[in-house]
Amino acid sequence: MNPETCDPRPVIVTGDRPTGPLHLGHYVGSLRNRVALQATHRQFVLVADAQALTDNAQDPDRIRRNILEVALDYLAVGIDPALSTVCVQSALPALAELTQLYLNLVTVARLERNPTVRQEIQARGFGRDIPAGFLCYPVAQAADITAFRATLVPVGEDQAPMIEQTNEIVRRVNRQAGRPLLPEARALIPETGRLPGIDGRAKMSKSQGNAVALSAPPEAIREAVRRMYTDPGHLRVSDPGRVEGNVVFTYLDAFDPDGAAVAELKARYRRGGLGDTAVKARLEAVLDAFLAPLRERRAALAQRPDEVLDLLRDGTKRAQRLTADTLEAVRDGLGVFTLAA
Ligand code: ATP
Ligand code: MG
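Residues numbered from 1 in each chain as written. Chains lettered and ligands numbered in written order. Predicted model: local features only at pLDDT ≥ 70, side-chain atom pairs only at ≥ 80, totals over all residues. Heavy atoms only, no water.

Chemist: Just to check I follow, could you spell out the domain arrangement of the chain for this structure?
Modeler: Where the parts come together, the accessible area they lose is often given as the size of the interface. The domain architecture assigned to the chain consists of domain 1 (3-196 + 305-334) and domain 2 (218-298). A separation of 33 Å is found between the C-alpha centroids of domain 1 and domain 2. Each partner contributes residues to the interface: domain 1 has 12 residues there, and domain 2 has 11 residues. For the pairing of domain 1 and domain 2, the buried interface totals around 1000 Å² over both sides, and the portion due to carbon and sulfur atoms is 68%. For the domain 1 face of the interface with domain 2, the top three residues by lost area are Leu24, Ala76 and Pro196, together amounting to 48%. For the interface between domain 1 and domain 2, the tally reads 2 salt bridges. (Domains from an automatic or database assignment. Contact = heavy atoms within 4.5 Å. Buried area = accessible area lost by both parts, 1.4 Å probe. Salt bridge = Lys/Arg side-chain N within 4 Å of Asp/Glu carboxyl O.)

Written as structure tokens, this is what we have:
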């Protein structure tokens with residue numbers, strides 16, 4: 001038996017698509033929890049390059065380049081390779097095989113009902129030309145989660161339907177196997193489960209051009225804050241303003257360590273007499289204070305890309321063994337033919 005499977009700590013799996021640099025939304029929705037939980041859990045973090053190709057098949061260079069960038073973001077934000085295993089999805093063939101097996105347990109109608117995927121299809125303007133891999137990516141995520149036998153998945157709100165889909169597959173596999181082969185997983189969604197984009201759209205997203213990267217230099221932070229959506233009805237400083245849906249306040253809520261000061265600013269803004277420029281100046285300072293140490297750590301790590309790639313290689317090797325064990329168990333449970341050697 002693989003000695004690694006004797007580890008009694010609960011298992012966490014998460015991942016990020018290497019479609020661009022990680023941003024404030026990733027931090028709030030998932031990275032913050034991953035950093036907090038890595039000491040008490042057995043954590044696997046996937047650079048989900050195979051999933052990124054489901055809507056970027058025409059641009060593999062971009063995905064390849066961003067693998068290292070995402071790894072740098074992880075390390076800069078505090079994912080500790082001594083506590084967490086970081087691995088590359090496309091180098092784990094067991095995930096692809098599990099996906100293939102699970103696809104037979106899911107209907108196309110069920111996939112088409114997934115509200116996050118529906119919304120993403122619309123945002124990407126696929127029309128009727130939806131890549132089949134994209135429609136099926138929730139099944140691939142079920143493979144990712146179950147391959148590590150994860151029970152906890154710290155994710156943003158958009159991922160809740162994926163965990164539901166995963167658990168349906170888990171129940172189906174277990175029923176067919178006649179034993180509890182795979183554990184069900186629980187989504188850990190933080191209070192701010194979805195950080196809006198700087199344009200006020202529902203979700204900050206790499207693909208929507210409305211993000212502030214964790215690696216953003218000071219000028220980029222200033223520019224993003226300047227462009228940020230506030231209350232379009234708040235024209236003069238003396239006008240009363242709306243705080244709800246005003247992303248400057250949403251970000252202050254998420255990142256300003258002084259909650260009492262933010263509450264005071266909100267009250268003044270609502271009454272009238274507080275201008276957008278003043279609130280934005282505070283947010284710029286808050287974001288810069290949060291991101292400056294990350295930026296510094298990242299710049300130092302970026303000088304040593306070979307060490308970062310070695311970490312990915314080590315983590316991926318460990319994950320290969322573990323995921324291959326699960327694949328074998330699932331093949332056995334589902335009664336798939338095994339050609340004896
Ligand atoms: P893409 O546009 O390429 O899909 P993305 O910005 O949506 O990129 P993902 O890599 O799909 O990012 O998401 C990785 C993780 O980060 C998921 O757990 C997701 O829920 C979380 N996440 C991403 N964006 C946000 C956000 N704006 N608010 C909260 N969580 C988020
Ligand atoms: Mg996404």
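So, next bit.
Chemist: Looking at this model, I keep getting lost on the side chain of Lys280. Mind explaining?
Modeler: Tracing the backbone through its elements, the reader meets Lys280 in helix 13 (residues 276-302). For the buried Lys280, no salt bridge exists, and the shortest N-O distance to an oppositely charged side chain is 5.6 Å, to Asp276. The residues contacting Lys280, other than those within four sequence positions of it, are Val225, Arg226, Arg227, Met228, Thr230 and Val248. (Helix = DSSP H or I, 4+ residues; strand = E, 2+ residues; numbered from the N terminus. Buried < 20%, exposed > 50% of the residue type's maximum accessible area, 1.4 Å probe, protein only. Lys, Arg positive; Asp, Glu negative; His and termini not counted.)

Chemist: Is there a simple way to think about the packing of helix 4 (residues 93-103) against helix 14 (residues 305-333) in this case?
Modeler: To characterise two packed helices, one gives the angle between the axes of the helices and the distance between these axes. The interhelical angle for the contact between helix 4 and helix 14, taken along N-to-C directions, is 25 degrees, at an axis separation of 9 Å. The angle between the axes of helix 4 and helix 14 places the two elements in the roughly parallel class. Crossing of helix 4 over helix 14 shows left-handed handedness. Side by side, helix 4 and helix 14 meet where Ala94, Leu95, Glu97, Leu98, Leu101 and Tyr102 of the first sit next to Thr323, Ala324, Leu327, Val330 and Arg331 of the second. (Axes fitted to C-alpha atoms, helices over the stretch in contact; angles between N-to-C directions. Parallel < 35°, antiparallel > 145°, perpendicular 65-115°, else oblique. Left-handed = near helix turned anticlockwise from the far one by under 90°.)

Chemist: When you look at the pattern of salt bridges in this model, what are you seeing that I'm missing?
Modeler: Between side chains of opposite charge, a pair can form as their charged atoms come close. The full count for this structure, using the stated rule, is 24 salt bridges. Of the charged contacts, one joins Arg194 and Glu157 as a salt bridge, the two residues approaching to 2.8 Å between their closest N and O atoms. Highlighted residues: Arg194 in the loop between strand 5 (186-188) and helix 10 (218-227) and Glu157 in the loop between strand 4 (152-154) and helix 9 (160-177), separated in sequence by 37 residues. Residues Asp288 and Arg295 are paired through a salt bridge, measuring 2.9 Å at the closest nitrogen-oxygen approach. On the basis of relative accessible area, Asp288 is assigned to the partly exposed category, the value being 27%. A network of salt bridges, in which partner residues are shared, links Asp7, Arg9 and Arg42.

Chemist: Can you walk me through the pairing of strand 3 (residues 84-88) in this structure?
Modeler: Each regular strand displays side chains that alternate between the two surfaces of the sheet. With 5 of 5 residues buried, strand 3 lies mostly within the body of the structure. The side-chain alternation of strand 3 yields two buried faces, one formed by Ser84, Val86 and Val88 and the other by Thr85 and Cys87. The sheet contact formed by strand 2 (residues 42-47) and strand 3 spans 5 bridges and is parallel. Bridged to Leu46 within strand 3 is Cys87. (Pairing = 2+ DSSP bridges.)

Chemist: Is there a simple way to think about the pairing of strand 1 (residues 11-16) in this case?
Modeler: Counting buried positions along strand 1 yields 5 of 6 residues, so the element is predominantly enclosed. Read as a crossover between parallel neighbours, the route from strand 1 over helix 1 (residues 24-37) to strand 2 is right-handed. (Right-handed = clockwise from strand over helix to strand, strands pointing away.)

Chemist: How should I be thinking about the site of ligand 1 in this particular structure?
Modeler: Taken together, 22 residues lie around ligand 1, and Thr19, Asp158, Lys203, Ser205 and Ser207 are the ones closest in. Here Gly25 contributes a backbone N or O atom positioned 3.2 Å from a nitrogen atom of ligand 1. Between ligand 1 and Lys203 there is a distance of 2.6 Å, counted from an oxygen atom to a side-chain nitrogen or oxygen. Protein coverage of the free-state accessible area of ligand 1, which is 590 Å², stands at 97%. For the shell around ligand 1, the secondary-structure elements that each account for two or more residues are strand 1 and helix 1. (Near = heavy atom within 4 Å. Polar contact = N/O pair within 3.5 Å; in protein donor to acceptor, adjacent residues only side chain to side chain. Areas by Shrake-Rupley, 256 points an atom, 1.4 Å probe, with all protein chains shown as cover.)

Chemist: Explain the packing of aromatic side chains to me, please; I cannot follow it from the model alone.
Modeler: For any pair of aromatic rings, the description rests on two quantities: the centre-to-centre distance and the angle between the ring planes. Under the counting rule described, the total for this entry stands at 7 aromatic pairs. Pairing Phe255 with Phe290 gives two aromatic rings, centres 5.2 Å apart and planes at 40 degrees, and the pair type is tilted. Of this pair, Phe255 sits in helix 11 (residues 247-255) while Phe290 sits in helix 13; the two residues are 35 residues apart in sequence, bridging distant segments of the chain. According to the relative accessible area criterion, Phe255 is buried, its value standing at 10%. A network of ring pairs unites the aromatic residues Tyr27, Phe255 and Phe290 as a single cluster. (Phe/Tyr/Trp six-rings, centres within 6.5 Å; stacked < 30°, edge-to-face > 60°.)

Chemist: What should I look at first to understand the packing of helix 11 against helix 13 in this one?
Modeler: As a packed pair, helix 11 and helix 13 sit with axes 10 Å apart at the nearest point and diverge in direction by 35 degrees. Every pair of crossing elements has a handedness; the one defined by helix 11 and helix 13 is left-handed. Taking contact as the criterion, the partners of Val248, Phe249, Tyr251, Leu252 and Phe255 in helix 11 are, on helix 13, Val279, Lys280, Arg282, Leu283, Val286, Leu287 and Phe290. Taken together, the residues that form the contact of helix 11 with helix 13 break down as 10 nonpolar, no polar and 2 charged. (Nonpolar A, V, L, I, M, F, W, Y, C, P; charged D, E, K, R; others polar.)

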